[in-house]
Each structure stands twice: as structure tokens, then as C-alpha cells.
Amino acid sequence: MINPWSSKQYFDYNKLKKDFGIEDLDNYFNNYLFQRHLIFGQRSLDYIEYALDNKMKFNAVTGLMPSGHMHLGNKITIDQIIYFQSLGADVFISVADLESYATRNISLEKAREIAINEYIVNYISMGLKPCNIYFQSNDPDTQSLSFILSNETNMSELKAIYGFDDSSSILHINSPIVQASDVLHSQLKKFGGPVPTVVPVGVDQDPHIRLMRDLAQRLRIYNVKIENNKISVYIKGRDDPHEYIDSAIGLLEKNNYETEKNYEYRSINIKNSNINDKIKIDLLLGNLEKDYNNFTFIGPSATFQRLETGLKGGKMSSSVPDSLIALSDSEENATRKIKNAVTGGRKTVEEQKQYGGNPDICPVFELYNYHVKENEYVQRVYDECRGGARMCGACKKEAAELISTFLKNLKDKSDESLSKIDDYLINKSF
Ligand code: SF4
């Protein structure tokens with residue numbers, strides 16, 4: 001079982017993909033995070049590719065928990081969000097202030113201060129353009145939607161997914177529903193939905209992704225399925241299906257599909273379709289359905305990122321301050337942490353020269369791999385390490401200089417970024 005709340009570091013990504021049905025990536029996205037397999041898998045990312053190919057609106061959604069310092073390990077998520085925004089995504093970011101109040105005893109005022117100063121200002125300095133950032137405590141859409149989504153699941157299901165038991169708090173049990181609501185609410189009609197929506201996550205968040213995809217599906221009237229390499233549509237619910245079927249057929253025929261309807265079975269067979277039509281038909285019918293159903297959602301897509309290893313090995317964790325570099329760290333402190341990091345180097349300089357180091361297990365190499373965009377530079381570091389031409393001391397010094405420059409740039413931009421904050425926040429008052 002993958003546990004979204006554990007501090008476990010997952011290393012065997014191939015096994016996780018196999019066990020949980022996470023799909024491989026194709027080469028669609030021309031971005032270093034994809035090219036270096038730092039994003040190692042996906043669910044239904046073809047919806048986003050379809051939206052891009054057809055110049056359609058799509059969303060990119062993430063959340064932040066305002067409970068501590070943002071650190072380099074959190075950065076890959078916002079790097080992706082900024083990348084998807086550069087491709088045209090509407091960005092939604094939820095500040096989980098209620099969660100930090102309930103689980104970390106952080107007041108809403110303090111959570112707001114942390115969210116703005118530790119996270120959002122850095123996001124802006126890193127290149128995030130104006131978007132929709134909101135606080136859970138002050139967002140009636142997500143609160144109402146949580147209520148609706150709660151009606152679509154039950155304890156047996158949540159126990160099976162998350163291992164909850166009788167001692168689990170109601171808040172804990174409710175938190176996956178709130179997360180689903182955070183993602184799905186970006187597709188409400190008022191935001192131009194339903195639309196394909198991508199959520200970049202670590203693999204430990206996959207249970208949330210599976211649950212929110214299921215919840216989205218359960219709320220749909222038009223259920224689009226592949227059967228015998230053709231597309232069939234089933235009408236859910238107990239309402240008279242005539243209007244749903246007739247209006248769907250009108251739309252499908254306008255799009256040159258030949259249909260066969262069956263009112264008794266509440267179904268439409270699309271005779272001249274194949275499996276490649278599923279996304280198009282699902283989106284067409286989702287768009288039609290919103291006239292009948294206020295809660296029409298397209299199942300969210302996800303990218304799965306590898307978790308950056310802590311400087312002491314294992315997961316980056318705020319309970320081990322030297323395992324991570326906070327974006328608020330001084331340059332001196334960051335340099336000290338990198339100098340004290342574990343490496344994939346040999347015991348002696350002679351051995352390193354003779355046999356080379358192992359960048360594949362080295363957290364210092366990960367600093368280059370995750371945070372330097374230029375592929376040739378990172379490849380050179382890798383090759384020099386493997387070939388014995390790079391010594392760990394000099395390599396750490398170089399990495400420390402790169403990270404210090406990055407931190408300094410963020411600090412230099414922080415006042416200007418803070419002055420733009422109103423362009424990013426929705427529901428600005430408490
Ligand atoms: S040379 Fe650099 S990349 Fe290679 S093991 Fe040493 S610190 Fe890691």
C-alpha cells in the first residue's frame with residue numbers, strides 16, 4: 001500500500017508502476033523534467049496532450065501545506081506547474097490552511113503568512129504568472145464540493161484505499177475528499193469547465209489521484225467506455241434517458257459519428273469510432289453534460305515525479321533539517337549542508353580516479369539533475385563522475401555555488417514578487 005502520509009522514500013519506481021498501473025510517458029513534452037525521467041509516469045496524460053494538440057483550455061492544479069519552509073524537494077512540483085502554465089494551462093493552487101490548522105495547530109493568520117512568504121512569493125520569483133491561488137478556509141466552492149463528493153464514497157472504500165481504522169480521526173478520513181474537491185473544483189462551470197486537468201504529484205499521492213478520478217467518474221451522466229475497440233456511451237441514473245440520448249446523438253452526428261441508440265439499455269453505440277476517439281467523445285459529451293449536471297468533471301490526469309533524495313540519504317524531511325535546503329536558507333547554511341551531504345563517491349581520491357563515482361545514488365548529483373535545466377551541463381557532471389574525472393569535494397563546491405546563486409536570486413526578487421501578490425490571490429479577505 002502507498003501511504004500519502006508516511007515519510008517513507010520510495011525507490012523502486014518500476015515496481016510501483018507495475019503494482020499500481022501507473023503508465024509510461026511518451027516523448028510528447030519537451031522539458032528536462034520529462035527527458036531525465038524525474039517525472040517517471042502518468043495517468044491519462046493523453047487528455048492534456050489532446051487539449052494541447054487541439055488548442056483547448058486545460059488546467060494545472062496543485063496545493064501547498066503552509067506548515068514550514070518551502071525546500072528544494074518541493075520545487076519540482078511548481079517547476080511543472082510553471083511549465084504547464086507556459087503551455088497555456090490555467091493554474092489553480094490551493095493553500096491547505098485548514099489542514100495545517102487541524103494537523104499542525106497553525107492558526108489561519110500564521111498559515112496565511114507562511115503561505116505567502118515561504119511559498120507564493122518564491123513561486124512568483126521562480127516565474128509563475130498570475131493565476132488562481134486560494135485558501136481552503138475561505139473558499140465556499142471547495143467546501144460545498146467536498147460535501148457533494150462525500151456522498152459518493154463510503155468507509156469501506158476509504159479503508160481499502162488508505163488503511164483507515166476505527167481510531168482514524170474524522171478529519172483524517174475527510175482529507176482525501178477535500179483534496180479531490182481542491183482539484184475538481186477547478187473544472188466548475190464558473191472556471192470554464194469541465195476541462196482536462198493535470199495534477200503533478202509524488203507517487204505517494206497516487207491513492208488521492210485514483211480516488212478523485214473515481215469520484216469524477218461517478219458524478220458523470222455520460223459514461224464513455226471502450227468496448228470491442230469501439231466507443232459506447234451509457235447514461236447513468238434513473239431519469240428518463242430520452243433527452244440525454246437524443247441530445248448526445250445530435251452532437252455526435254454533428255461531429256460525423258454514426259450512432260445506434262438503445263433507450264432500454266440507456267446506451268449509444270458509436271459505429272464508426274475506434275479507441276482513439278475516446279478522449280474526443282468524452283470531452284464533447286462532458287461539455288454537453290454541463291447543461292444538465294453542475295458537477296461534470298473530466299477525470300484528472302497526473303504526472304508522477306520522483307522524490308528528491310535528502311542530503312543525508314532517505315527522504316527530505318523537515319524533522320532532519322540538514323537533509324534539505326529551504327529556500328529561506330542563507331547561502332552559507334546551504335553551502336554547509338551540501339558540504340556535509342552523503343555522496344556516491346569512493347572512499348579515497350585514488351579509488352575515485354580509478355573507478356569513478358556513482359552519481360545514480362548521489363544526492364549531490366540530484367542537485368544538478370533536479371535544478372539545472374541545461375541537459376549538456378548535467379550530462380557532463382554525470383560523465384565526469386562516472387569516468388573518475390570529478391572529485392566529490394570540488395563537485396560539492398560547484399553545486400553549492402549553483403544553489404547559492406539560485407537562493408540569492410530568489411531573495412533579490414522577493415520584494416518585487418510580494419508587491420504582485422494581489423494578481424494571484426482569489427478570495428483575498430478572510
Ligand atoms: S563526484 Fe559529485 S556526483 Fe559524483 S559521487 Fe561525488 S558528489 Fe556525487
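Residues numbered from 1 in each chain as written. Predicted model: local features only at pLDDT ≥ 70, side-chain atom pairs only at ≥ 80, totals over all residues. Heavy atoms only, no water.

**Focus: unusual backbone geometry**
As a rule of thumb, non-glycine residues mostly have phi less than zero, and peptide bonds are mostly trans rather than cis. Residue Pro194 is reached from Gly193 by a cis peptide bond, and omega for that bond is 0°. Residues other than glycine seldom take positive phi values, yet Ser44 does so here, at roughly 45°. A positive phi angle, close to 55°, is found at Arg266, a residue other than glycine. Turning to its location among the elements, Arg266 is positioned in the loop between β8 (259–262) and β9 (267–270). (Helix = DSSP H or I, 4+ residues; strand = E, 2+ residues; numbered from the N terminus.)

**Examining the environment of Lys75**
By the secondary structure assignment, Lys75 is in helix α4 (residues 72–86). Ignoring anything within four residues of it in the chain, the contact list for Lys75 reads Met70, Met126, Tyr370, His371 and Phe406. (Contact = heavy atoms within 4.5 Å.)

**Side note on the site of the ligand**
The environment of the ligand is made up of Thr343, Gly344, Gly345, Gln352, Cys362, Val364, Phe365, Cys385, Arg390, Cys392 and Cys395. Secondary-structure elements contributing two or more residues to the shell around the ligand are α15 (363–371) and α17 (392–419). In terms of residue class, the shell around the ligand is built from six nonpolar, four polar and one charged. (Near = heavy atom within 4 Å. Nonpolar A, V, L, I, M, F, W, Y, C, P; charged D, E, K, R; others polar.)

**Some remarks on the environment of Ala216**
Here Ala216 shows up in helix α10 (residues 206–218). In sequence terms Ala216 and Ala180 are 36 residues apart; their C-alpha atoms lie 8.8 Å from each other. Sequence-distant contacts of Ala216, that is, excluding residues within four places in its chain, are made with Leu184, Phe297, Ile298, Gly299 and Pro300.

**Things to note about the nonpolar core**
Counting residues in each nonpolar core, the largest one holds 66 residues, and the members touching the most others are Phe84, Ile120, Leu128 and Ile133. Here the element with the most residues in this core is helix α6 (residues 108–126); it accounts for 10 residues. Both domains that furnish three or more residues to this core are identified here as domain 1 (13–219 + 298–307) and domain 3 (321–421). Excluding residues within four positions of it along the chain, Leu128 makes contact with Ile81, Ile82, Gln85, Val91, Ile93, Tyr123, Ile133 and Tyr424. Ile161, Leu188, Ala216 and Leu307 belong to the second largest nonpolar core, which has 32 residues in total. (Core = buried A, V, L, I, M, F, W, Y, C linked by side-chain atoms within 4.5 Å. Buried < 20%, exposed > 50% of the residue type's maximum accessible area, 1.4 Å probe, protein only. Domains from an automatic or database assignment.)

**Re the domain arrangement of the protein chain**
When the parts come together, some accessible area is lost, and that loss is often what is quoted as the size of the interface. The domains assigned to the protein chain are domain 1 (13–219 + 298–307), domain 2 (222–289) and domain 3 (321–421). Between domain 1 and domain 3, the residue contacts involve 22 residues of the former and 25 residues of the latter. Across the domain 1 to domain 3 interface the summed buried area is about 2000 Å²; carbon plus sulfur atoms make up 63%. By the criterion of area lost to domain 3, the three top residues of domain 1 are Arg36, Leu72 and Ser125, representing 33% of everything that side buries. Taken together, the connections running from domain 1 to domain 3 amount to zero salt bridges. On the surface where domain 1 and domain 3 come into contact, there are 12 residue pairs in polar contact (both at pLDDT 80 or more). Of the residues assigned to the side of domain 1 that touches domain 3, the class counts are 11 nonpolar, six polar and five charged. (Buried area = accessible area lost by both parts, 1.4 Å probe. Salt bridge = Lys/Arg side-chain N within 4 Å of Asp/Glu carboxyl O. Polar contact = N/O pair within 3.5 Å; in protein donor to acceptor, adjacent residues only side chain to side chain.)

**Points about the pairing of strand β7 (residues 230–235)**
Consecutive residues of a regular strand have side chains that alternate between opposite faces of the sheet. In this structure, strand β6 (residues 222–227) lies alongside β7, joined through six bridges in antiparallel fashion. Considered in β7, the bridge of Tyr222 is made with Ile235. Bridge count for β7 against β9 is four bridges, and the pairing is antiparallel. Paired with Ile231 across the strands is Ile270, a residue of β9. (Pairing = 2+ DSSP bridges.)

**Here we look at the pattern of salt bridges**
Scanning the model with the defined rule gives 21 salt bridges in all. In this structure, Asp204 engages Lys315 in a salt bridge whose closest nitrogen and oxygen atoms are separated by 3.6 Å. Separated by 111 residues along the polypeptide, Asp204 in the loop between β5 (197–202) and α10 and Lys315 in the loop between β10 (301–305) and α13 (331–339) bring together distant segments of the chain. Using a relative accessible area of 23% as the deciding quantity, one classes Lys315 as partly exposed. Between Arg210 and Asp206 there is a salt bridge, and its shortest N-O distance comes to 3.0 Å. Of the two residues, Arg210 and Asp206 are both situated in helix α10; the distance of four residues between them amounts to about one turn of the helix. Bridged by salt links that share partners, the residues Arg380, Glu384, Arg390 and Glu398 form one connected network.

**Some details on helix α12 (residues 278–289)**
In this model, α12 (12 residues) spans 16 Å end to end at C-alpha, consistent with the 16 Å of a helix rising 1.5 Å per residue. In terms of residue burial, α12 counts as a mostly covered element, since nine of its 12 residues are buried. Those residues of α12 that fall on the buried side of the exposure criterion are Ile279, Ile281, Asp282, Leu283, Leu284, Leu285, Gly286, Leu288 and Glu289. Each element contacted by the buried residues of α12 is listed here: α3 (46–53), β6, β7, α11 (242–254) and β9. (Expected span 1.5 Å × (residues − 1).)

**As for the side chain of Glu289**
Assignment of secondary structure puts Glu289 in helix α12. Beyond its immediate sequence surroundings of up to four residues, Glu289 is in contact with Leu219, Arg220, Ile221, Tyr222 and Thr296.

**Quick notes on the packing of helix α8 (residues 155–162) against α10**
Direction vectors running N to C along α8 and α10 enclose 150°, while the axes themselves pass 10 Å from each other. When the axes of α8 and α10 are compared, the pair comes out roughly antiparallel. When the axes of α8 and α10 are compared, the crossing they make is right-handed. Contacts from Glu157, Leu158, Ile161 and Tyr162 in α8 reach Pro207, His208, Leu211, Asp214 and Arg218 in α10. Counted by class, the contact of α8 with α10 contains five nonpolar, one polar and three charged residues. (Axes fitted to C-alpha atoms, helices over the stretch in contact; angles between N-to-C directions. Parallel < 35°, antiparallel > 145°, perpendicular 65-115°, else oblique. Left-handed = near helix turned anticlockwise from the far one by under 90°.)

**Thoughts on the packing of aromatic side chains**
By the definition in use, this model includes 15 aromatic pairs. Look at Phe40 and Phe304: their rings are 6.4 Å apart centre to centre, the planes differ by 45°, and that puts the pair in the tilted class. Taken together, the residues Phe40 in strand β1 (residues 39–43) and Phe304 in strand β10 connect sequence positions 264 residues apart. Take Phe40 and Phe304: they sit in the same class, and that class is buried. On the numbers, 5.5 Å between centres and 65° between planes, the contact of Phe365 with Tyr382 is edge-to-face. Here Phe365 is found in helix α15, whereas its partner Tyr382 is found in helix α16 (residues 375–386), with 17 residues between them in sequence. The rings of Tyr28, Phe29, Phe34, Tyr83 and Phe84 are connected pair by pair, giving a single aromatic cluster. Its end group placed over the ring of Phe406, Lys75 keeps NZ or CZ at 5.3 Å from the ring centre. (Phe/Tyr/Trp six-rings, centres within 6.5 Å; stacked < 30°, edge-to-face > 60°. Lys NZ or Arg CZ within 6 Å of the ring centre and 35° of its normal.)

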